[in-house]
Amino acid sequence: MPYDPADPQKDRITDIGPRYFRDFFPPVIEKNFGKWMYHEILEPGVLCHTAESGDKVYTVRVGAARLISIEHIREICDIADKYCDGYLRFTTRNNVEFMLDNVANLKPLVDDLKSRKFSGGSSKFPVGGTGAGITNIVHTQGWAHCHTPAIDASGVVKAVMDGLYDYFGSMTMPAPVRVSLACCLNMCGAVHCSDIAILGIHRKPPMIDHEWIDKLCELPLAIAACPTAAIKPAKTEAGAKSLEVNAERCMFCGNCYTMCAAMPLADEVGSGIAILVGGKLSNRRSKPKFSKVVIPFIANEPPRWETTVKAVKNIVDVYAKDARKYERLGEWAERIGWERFFEKTNIPFTHHLIDDYRFAYTTWRQSTQFKY
């Protein structure tokens, strides 16, 4: 029906996006919404939430990939139909959580999940990722989709999680460890506040395809896209319109490539991985922290990224042995001193790691914690 000024609410469409999220709640969650008293971890990967009414909901968390096949999704749904009345949810870290209120189905569900293997013998549904351990790695798009990555995302995450697999299925760490990956400095994965951050970085300015740039791009848009004004108009020797990049001002963000496909940024020598550690979002014990660079560059090594895996596992292993209970990775480093952190982890310290951020006042007192 057309819009009626006399009755503006008639036939009005109020929501053309996803359905209201509470429509998908399991009945026990809907019944006790906002009335949960506490939760406990029964074993790695298995949680129990108790409501004021006495109702309990059991959650079994399993690791999953961000990019998964239709067949795998169907298998997940079949498991949920069999044990959980069809209810499950995906977490922000790409874990899958099966939720049920019938405790009789809990052990059969866990046993079924642990028994399912890929043809190569690895677990399809590793149970874990809770408490003082390592949960799944949240990551960005990588080579599968994004146009500005310095590294792959899914491939690096798979390789690193293979190396940290034992920590996923156990709770033997001093505190939770959050590992994140962003495949470029734009960081749509928000890795700047992670215990361990794997960050793809570019080290070379964009390459300019002078033959095609005027045919493919709106040159003023590419110029305007640069946040440091490093791009200016230019002409080729033949007199064709082109662009020029001031390499000293370039911050390797890839914004120009977003606007102009004739300015690719990725390079097999100049693009690689930086490792940052010590960040956290939690306000518990100490205020939230930004991650700090500890390894400025590791070359791309697909398909298994051996050096990156070794570096991350080394940091985790040293932290697990040396930190105190409940101490996050950044808190441990600050307690022993960052000098000792580099000594214990055998990571060389270079001038690239000196924090020269000049606007420190913008980070002061950005917390509810006030300690003098």
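The structure under discussion appears in the preceding block.
Right, let's walk through the structure included here. Just so it is clear, the structure is predicted and the values come from calculations on it, not from any experiment. (Residues numbered from 1 in each chain as written. Predicted model: local features only at pLDDT ≥ 70, side-chain atom pairs only at ≥ 80, totals over all residues. Heavy atoms only, no water.)

### Comments concerning the overall build of the chain
Broken down by element type, the chain carries eleven helices and twelve strands. For the C-alpha atoms alone, the extent of the chain along its principal axes is close to 75 × 70 × 55 Å. Here the chain holds 372 residues, and 44% of them are scored as buried. Within the chain, contacts between residues at least 6 apart in sequence are counted, and of these 64% link residues at least 24 apart. On the chain, roughly 21100 Å² of surface is accessible, and the fraction owed to carbon and sulfur atoms is 55%. The distance from the centre of the 46 positive side-chain charges to the centre of the 43 negative ones in the chain is 6 Å. (Helix = DSSP H or I, 4+ residues; strand = E, 2+ residues; numbered from the N terminus. Buried < 20%, exposed > 50% of the residue type's maximum accessible area, 1.4 Å probe, protein only. Contact = heavy atoms within 4.5 Å. Areas by Shrake-Rupley, 256 points an atom, 1.4 Å probe, with all protein chains shown as cover. Lys, Arg positive; Asp, Glu negative; His and termini not counted. Charge placed at Lys NZ, Arg CZ, Asp CG, Glu CD.)

### Concerning the sheet that holds strand S2 (residues 46-51)
With antiparallel pairing, the five strands of this open sheet are ordered in space as S1-S2-S3-S5-S4. The open sheet has two free edges, formed respectively by strand S1 (36-43) and strand S4 (88-90), since each of these has just one partner strand. Strand-to-strand twist of the sheet, defined as the mean angle between neighbouring strand axes without regard to direction, takes the value 25°. Here S1 runs beside S2; their pairing, made up of six bridges, is antiparallel. The residue of S2 that forms the bridge with isoleucine 41 is leucine 47. Against the sheet, helix H2 (residues 70-83) touches S4 and strand S5 (95-100), its axis set at about 15° to S5. (Pairing = 2+ DSSP bridges. Axes fitted to C-alpha atoms, helices over the stretch in contact; angles between N-to-C directions.)

### Focus: the pattern of salt bridges
Applying the stated criterion to the full structure yields 20 salt bridges. Notably, a salt bridge pairs glutamate 30 with arginine 22, separated by 2.8 Å at the nearest N-O pair. When the shortest N-O distance is used, the salt bridge between aspartate 111 and lysine 107 registers 2.8 Å. Of this pair, aspartate 111 and lysine 107 both sit in helix H3 (residues 106-115), four residues apart, roughly one helical turn. Under the relative-accessibility criterion, aspartate 111 is labelled partly exposed at 38%. Classification of lysine 107 by relative accessible area gives exposed; the value is 57%. A network of salt bridges, in which partner residues are shared, links Glu75, Asp112, Arg116 and Lys124. (Salt bridge = Lys/Arg side-chain N within 4 Å of Asp/Glu carboxyl O.)

### Section: the packing of H2 against H3
As a packed pair, H2 and H3 sit with axes 10 Å apart at the nearest point and diverge in direction by 160°. With respect to H3, the axis of H2 lies roughly antiparallel. Between H2 and H3 lies a crossing whose hand is right-handed. Contacts from Ile79, Lys82 and Tyr83 in H2 reach Pro108, Leu109, Asp112 and Leu113 in H3. Tallied by class, residues from the contact of H2 with H3 come to five nonpolar, no polar and two charged. (Parallel < 35°, antiparallel > 145°, perpendicular 65-115°, else oblique. Left-handed = near helix turned anticlockwise from the far one by under 90°. Nonpolar A, V, L, I, M, F, W, Y, C, P; charged D, E, K, R; others polar.)

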